[in-house]
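This is what each chain is made of:
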Amino acid sequence: MTSTLQEGILVGCGNPLLDISAVVPLNFLQKYSMNEDDAILAEDRHMPIYGELVEGYQAEFLAGGSVQNSLRIAQWILRQPRVAVFFGCVGEDRYAGILKEKAQAAGLDVHYQVKRDVPTGTCAVLITGTHRSLCANLAAANNFTIDHLEEPSNKALVDNAQYYYISGFFLTVNPPSIMQVAATAHAKQRPFLMNLSAPFISQFYMAPLLAALPYVDIIFGNEAEAQAFAEAQQWPSGDLREIGKRLVAMEKKNPARPRIAILTQGCDPVLLIQQDSVQEFPVTKLAVHEIVDTNGAGDAFVGGFLSQFVQGKSLDVCIRCGNYAAGHIIKNPGCTYSGEPEFV
Ligand code: 26A
């Protein structure tokens, strides 16, 4: 990075979760009726998973939560602390301490809402080969309220930012906060970026997603998430390019800035979809022995993208950096990095 960026230029809201990650056999997934590459909310029947992973599978504890991951990765690449600000809700416990320490070590400026008597959220990460299945127990993260954003110091942070990023995952927690941040971005004509996050968001949270979408300047998603959106909309074609074109053509509050869709598809090319064009960006395929786990790959992609986007770089630089960041974290456990970033 050459120039100095404004502190807090990027604001994100999400669910701060501590990932409890372990390699498991396929029958572990089957026992909990989970599939490879799921991303779900824990129900009562999933609650034993966390203890089982710790006791029987040498689980690792890693900083997680989708938006927080992306912002940590953006900070790592930027090498300038406090460019990004993160809001989310945690408990008052050891896990919250770990999350805060990891976020701050990355240079992220965290402003957690703290909910006493509710544990910090966790996410079981079940690794099977190159797949990862996620089961989130949001706990404290689910208690985020809009009044946290209305506290004067936090409101100032939101007002002063130039870029906003919120996951689709956060639609399960607090749509009013999303709408408020989106409205601020719109009023100030600043980019608002969002992520489809998981198929279940389109399946079960379509109403709040459709309410936010008119404010979204850039929408991220992977192939399964885009397909789930298309199915929930009953669009006839499952072709990813067609889905992207329809997504960018949906209602937009600020038509002067047409929506952009960025759809990832594992090691197949990333699609950049704009009004009349679809561009492909190749992904460097890693050898199986280089892959530690794919947990956080999508978040890291967004983090890499954001690190360039906040510097006003072109979309192709942003996407190349997204691909670089995703490739790096796949070679590390969870959404973690090692050494100095090598993106130029
Ligand atoms: C609402 N849900 C289900 C979630 C998540 C989530 N982050 C926010 N909300 N479910 C999984 N994650 C996080 O996604 C990362 C991988 O992309 C996990 O904590 C994991 O770090």
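Residues numbered from 1 in each chain as written. Predicted model: local features only at pLDDT ≥ 70, side-chain atom pairs only at ≥ 80, totals over all residues. Heavy atoms only, no water.

## A few points about helix α3 (residues 66-78)
Part 1: An ideal rise of 1.5 Å per residue puts 18 Å on 13 residues; α3 measures up with 19 Å between its terminal C-alpha atoms.
Part 2: Within α3, 13 of the 13 residues are buried, which leaves the element mostly enclosed by the surrounding structure.
Part 3: Looking one or two residues past α3, R79 carries a phi angle of roughly 60°, positive in sign. (Helix = DSSP H or I, 4+ residues; strand = E, 2+ residues; numbered from the N terminus. Expected span 1.5 Å × (residues − 1). Buried < 20%, exposed > 50% of the residue type's maximum accessible area, 1.4 Å probe, protein only.)

## A few points about the site of the ligand
Part 1: In the vicinity of the ligand, 19 residues are found, and the nearest of them are N15, D19, G65, N69 and D299.
Part 2: Take D299: an N or O atom from its side chain is 2.6 Å from an oxygen atom of the ligand.
Part 3: Bound to the protein, the ligand loses 97% of the 470 Å² it would expose on its own.
Part 4: Listing elements by their share of the shell around the ligand, those giving two or more residues are β2 (17-23), β3 (39-41), α3 and β8 (131-137). (Near = heavy atom within 4 Å. Polar contact = N/O pair within 3.5 Å; in protein donor to acceptor, adjacent residues only side chain to side chain. Areas by Shrake-Rupley, 256 points an atom, 1.4 Å probe, with all protein chains shown as cover.)

## Here we look at the state of the cysteines
Two cysteines form a disulfide when their sulfur atoms are joined by a covalent bond.
Part 1: One pass over the structure, following the stated rule, counts zero disulfides.
Part 2: Counting only cysteine sulfurs, C89 is the nearest neighbor of C13, a cysteine outside any disulfide, at a range of 12 Å.
Part 3: The closest cysteine sulfur to the non-disulfide-bonded C267 is located on C335, 18 Å from its own sulfur. (Disulfide = S-S within 2.5 Å.)

## Points about the sheet that holds strand β12 (residues 260-265)
Part 1: As summarised here, the arrangement of the nine strands in space is β6-β5-β1-β9-β10-β11-β12-β13-β14, forming an open sheet in which the pairing is mixed. Each end of this open sheet is capped by a strand with a single partner; those strands are β6 (109-114) and β14 (277-281). Direction aside, neighbouring strands of the sheet carry axes that sit 20° apart on average.
Part 2: Running at roughly 150° to strand β5 (residues 84-90), α3 makes contact with β1 (10-13), β5, β6 and β9 (163-167) of the sheet.
Part 3: Of the strands in this sheet, β11 (218-222), β12, β13 (268-274) and β14 are in contact with helix α11 (residues 240-249), which crosses β13 at around 30°. (Pairing = 2+ DSSP bridges. Axes fitted to C-alpha atoms, helices over the stretch in contact; angles between N-to-C directions. Contact = heavy atoms within 4.5 Å.)

## Looking at the packing of aromatic side chains
Part 1: Scanning the model with the defined rule gives 16 aromatic pairs in all.
Part 2: Plain terms: the ring middles of F28 and Y32 are 5.5 Å apart, the flat faces sit at 45° to each other, and that makes the pair tilted. In this pair, the class of F28 matches that of Y32, namely buried.
Part 3: Aromatic pair W76 and Y324: ring centres 6.2 Å apart, planes at 15°, arrangement stacked. (Phe/Tyr/Trp six-rings, centres within 6.5 Å; stacked < 30°, edge-to-face > 60°.)

## Brief notes about the side chain of T122
Part 1: Its location among the elements puts T122 in strand β7 (residues 121-128).
Part 2: On the basis of relative accessible area, T122 is assigned to the buried category, the value being 6%.

## Some words on the packing of α3 against helix α4 (residues 94-106)
Part 1: One way to put it is that α3 packs onto α4 with a least axis distance of 8 Å and a crossing angle of 30°. The orientation of α3 relative to α4 falls into the category roughly parallel. Across the interface between the two elements, Q68, R72, Q75 and W76 of α3 pack against L99, K102, A103 and A106 of α4.
Part 2: Its residues assigned to classes, the contact of α3 with α4 comprises four nonpolar, two polar and two charged. (Parallel < 35°, antiparallel > 145°, perpendicular 65-115°, else oblique. Nonpolar A, V, L, I, M, F, W, Y, C, P; charged D, E, K, R; others polar.)

## Notes on the sheet that holds β7
Part 1: Read across the open sheet, the five strands follow the order β3-β8-β7-β2-β4; overall the sheet is mixed. On the outer flanks of this sheet lie β3 and β4 (60-64), each paired with one strand and no other. Going from strand to strand, the sheet's axes swing by 25° on average, the running direction of each strand aside.
Part 2: In this structure, β2 lies alongside β4, joined through five bridges in antiparallel fashion. Counterpart to S21 in the pairing with β4 is E60.
Part 3: Relative to β7, helix α2 (residues 48-56) is tilted by about 60°, and along the sheet it contacts β2, β4, β7 and β8.

Keep in mind these numbers describe shape, not what the thing actually does.
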